[in-house]
Structure formats: C-alpha cells, structure tokens
Amino acid sequence: MRIVVIGGTGLIGSQVVKRLGEHGHEAVAASPNSGVNTVTGEGVKEVLQGADVLVDVSNSPSFADDDVMEFFRTATTNLTEAAKEAGVGHYVALSIVGTDELPESGYLRAKVAQEKLITESGLTYSIIRATQFFEFAGAIANSATVDGVVRLPHGGVQPIAAADVAAVVARTAATEPVGGVLEIGGPQEFTMDGWIRTVLTQRGDEREVVSDPAAQYFGTSLTGKQLVPNAGAQLQPTTLEDWFAAGN
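What you see is a predicted model; the values in this text were computed from it and never measured.

Conventions used here
Residues numbered from 1 in each chain as written. Predicted model: local features only at pLDDT ≥ 70, side-chain atom pairs only at ≥ 80, totals over all residues. Heavy atoms only, no water. 1 Å grid on protein atoms, 1.4 Å probe; cavity = no way out; pocket = protein on both sides within 12 Å on 5 of 7 lines; lining within 4 Å. Points joined across faces, edges and corners; volume = space filled by probe spheres on them. Pairing = 2+ DSSP bridges. Helix = DSSP H or I, 4+ residues; strand = E, 2+ residues; numbered from the N terminus. Contact = heavy atoms within 4.5 Å. Axes fitted to C-alpha atoms, helices over the stretch in contact; angles between N-to-C directions. Core = buried A, V, L, I, M, F, W, Y, C linked by side-chain atoms within 4.5 Å. Buried < 20%, exposed > 50% of the residue type's maximum accessible area, 1.4 Å probe, protein only. Parallel < 35°, antiparallel > 145°, perpendicular 65-115°, else oblique. Left-handed = near helix turned anticlockwise from the far one by under 90°. Salt bridge = Lys/Arg side-chain N within 4 Å of Asp/Glu carboxyl O. Phe/Tyr/Trp six-rings, centres within 6.5 Å; stacked < 30°, edge-to-face > 60°.

Novice: Would you mind going over the layout of surface pockets with me for this structure?
Specialist: In this approach, a probe sized like a water molecule rolls over the atoms, and the result shows the empty space that is left. Of the pockets and cavities examined, the largest pocket occupies roughly 1,000 Å³. As for the largest pocket, its lining consists of 45 residues, and the residues nearest its centre are Ser-58, Asn-59, Phe-63, Tyr-107 and Phe-136.

Right under this line is the structure:
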C-alpha cells in the first residue's frame, strides 16, 4: 500500500516509515521539510494522490493554548478535506490517553478538537490514544523544575516506549481500520512524580523530585488516573527497565 505519514520525520513518524518500508509498503514521510505543510495546505493534495492510508503523527511547533488549537484545527481540516478528495481509505491519527478527561489542558483540548474533526469527517479512521512516552521524561522534569526542585503531581501514569507506539501505529495503518479509539500504554503503572524520580535517579540527575498536590502537569491538575488507560487497552511489552537496558 501507499501510506503517507504526516510528521514522518519525527520521533514516532520516522520509526513508522521505517517499519512500513520493511514490510513492503510504500511509506512516504511528509513534513514541512519535504514541502508538505498541513497548516498552509502546501503540498497536501499532491502528496495524498494515490494514497491508500494517511497516518497523522504531526505535532504543533508551539504548545501555547491558542497556537496548538489553531494548529490542530487548521491542519486536520486541511488533511481530512484533501484525504476525501484523494479517496484515501483509512485515516490513522495518534492522540493521547485522557484527552477528554483533562479540559484544563489547552493541549488536550486541542487534541479533542482534532479527534472530533476526524470522527465527523466521513472518512474511515483509527484513533490511537497513547500514554506518555518514556522519551519525554526529561522534558517533563525540566518543565516542572523550580529553583532546582522538580515539583510534580502524584496522579497515575502508565508510560510507554516510543518504539512500541510506532509499532502499533504502523500495524494499524497496514490492517483494517479500528473505526473508533484504540488505547495503548506501557506494562507498568507509576505515579507521575515516582516515574520521573526513577528516571532522574537512573541518569544520575541529583534534582529532588517532590510530590506536590498543587503542582500542575502542562497546565492541568492531575490527582487521579486520568492519564492511565482504561480496561481493554492494549498494553505493550517494553518496561522502563527494558528501556534503560537499551541504552536510553
């Protein structure tokens, strides 16, 4: 099949392209660097000509509330319209577990808007909601650091390896559409502060990690298990220990 991967040069997209190519598909990595800009619409119609599947793993360059909402609304509208015009048979989008449970987060509100545009587009689709990636632990720690102390909420999280996410996205793109939402996560549940503390300790980072009920996670309170996948989610095999052992 001809599968176009929007965001195909990023952390997930590059691995999806590689996996699809290894399984004999024509995987096209599309990004602004390749002349495909989903916000302006440049190159979108052209790259989707003859495509069987569209995979959207793109992300906003800015996480400011208004910017990220504008990005996902504009980009997804351009993609769904071009996909319908090109006769694309399957739209696969990567989203986040808990998107509709944390409305205080501007980023997650934007992901809800993206999902709505896809589900109401009339296209056959699969939405894959993943938990936080192991690879984001450092950025999460840095965003929560004040005066050398990492302050994080104690809510639950079930992080996943980016390679496992890419494997599910590639497999979904090459098979029958889900026609709904598929949740995926890692095999172990942590608290947010506990996960980040474990990663920093493993890396020899001496910053203190404090559990703070008032601390926010990218603009939202996190007191429960909003970021933990629901029963029936497909849990992937890579543990945090496996990920460390692989040299991360």
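Novice: In this structure, what is going on with the sheet that holds strand E2 (residues 26-30)? I would like to understand it.
Specialist: One open sheet accounts for seven strands, arranged E2-E1-E3-E4-E5-E9-E12; its pairing is parallel. Every interior strand has two partners, whereas the edge strands, E2 and strand E12 (234-235), have only one. Where strand E1 (residues 2-6) and strand E3 (residues 53-56) come together, four bridges link them in parallel fashion. Within the sheet, the bridge partner assigned to Val-4 lies in E3 and is Leu-54. On top of the sheet, helix H4 (residues 106-119) reaches E3, strand E4 (90-96) and strand E5 (125-130); it is set at about 160 degrees to E4, its chief contact. Against the sheet, helix H6 (residues 162-173) engages E1, E3, E4, E5, strand E9 (181-185) and E12, with an angle of about 160 degrees to E4.

Novice: I tried to follow the nonpolar core on my own but got confused; where do I start?
Specialist: What tends to happen in soluble globular proteins is that the nonpolar side chains get buried as a cluster. Core analysis: the largest hydrophobic core is formed by 33 residues, its most contacted members being Ile-140, Val-150, Leu-152, Met-192, Trp-195, Ile-196 and Leu-240. Broken down by secondary-structure element, the contributors of at least two residues to this core are helix H3 (65-86), H4, helix H5 (137-143), strand E7 (149-152), helix H7 (192-202) and helix H8 (240-245). Formed by 24 residues, the second largest nonpolar core is a distinct cluster that contains Val-5, Val-55, Val-92 and Leu-94.

Novice: Help me out: how do you make sense of the packing of helix H1 (residues 11-22) against H6 in this one?
Specialist: How two helices sit against one another is set out by the angle between their axes and by the gap between those axes. Orientation of H1 relative to H6, taken along the N-to-C sense of each, is 50 degrees, at an axis distance of 8 Å. It follows that H1 is oblique to H6 by the angle criterion. As H1 runs across H6, the sense of the crossing is right-handed. Facing H1, whose interface residues are Leu-11, Ile-12, Gln-15, Val-16, Arg-19 and Leu-20, H6 presents Ala-162, Ala-163, Val-165, Ala-166, Ala-167, Val-169 and Ala-170.

Novice: Can you help me understand the pattern of salt bridges in this one?
Specialist: Should the charged atoms of two oppositely charged side chains come close, the side chains can pair. What the rule picks out here adds up to 10 salt bridges. Note that Arg-109 and Asp-65 form a salt bridge whose closest N and O atoms lie 3.5 Å from each other. With a gap of 44 residues between them, Arg-109 in helix H4 and Asp-65 in helix H3 connect regions that are remote in the sequence. Accessibility expressed as a relative area gives 35% for Arg-109, which makes it partly exposed. Overall, Asp-65 belongs to the partly exposed group, its relative accessible area being 40%. Measuring nitrogen to oxygen at the nearest pair gives 3.3 Å for the salt bridge that ties Glu-189 to Lys-225. With Glu-189 in the loop between E9 and strand E10 (190-191) and Lys-225 in the loop between strand E11 (208-211) and E12, this residue pair connects regions lying 36 residues apart in the sequence. Taking the relative accessible area as the measure of exposure, Lys-225 reaches 56% and is therefore exposed. Where salt bridges share partners, they join Asp-100, Glu-115 and Arg-129 into one cluster.

Novice: Got a minute to help me understand the packing of aromatic side chains in this structure?
Specialist: Within this structure, the stated rule accounts for seven aromatic pairs. Between Phe-72 and Tyr-107, the ring centres sit 6.0 Å apart and the planes meet at 85 degrees, which makes this aromatic pair edge-to-face. With Phe-72 in helix H3 and Tyr-107 in helix H4, this residue pair connects regions lying 35 residues apart in the sequence. Exposure class is identical for Phe-72 and Tyr-107. Each is buried. Their ring planes at 80 degrees and their centres at 5.0 Å tell us that Tyr-217 and Phe-218 sit as a pair that is edge-to-face. Judged by relative accessible area, Tyr-217 falls into the buried class, the value being 13%. Exposure remark for Phe-218: the relative accessible area of 45% places this residue in the partly exposed category. Members of the aromatic cluster, joined through ring pairs, are Phe-63, Phe-71, Phe-72 and Tyr-107.

Novice: Is there a simple way to explain the sheet that holds E7 in this structure?
Specialist: Strand pairing in a sheet relies on backbone hydrogen bonds. The paired strands run either parallel or antiparallel. A sheet is described by the order of its strands in space; here three strands give the open sequence E6-E7-E11, paired in mixed fashion. Because the sheet does not close on itself, it has two edges, and the strands there are strand E6 (145-146) and E11. Sheet topology places E7 next to E11; four bridges connect them, and they run parallel. By the bridge assignment, Val-150 is partnered in E11 with Val-209.

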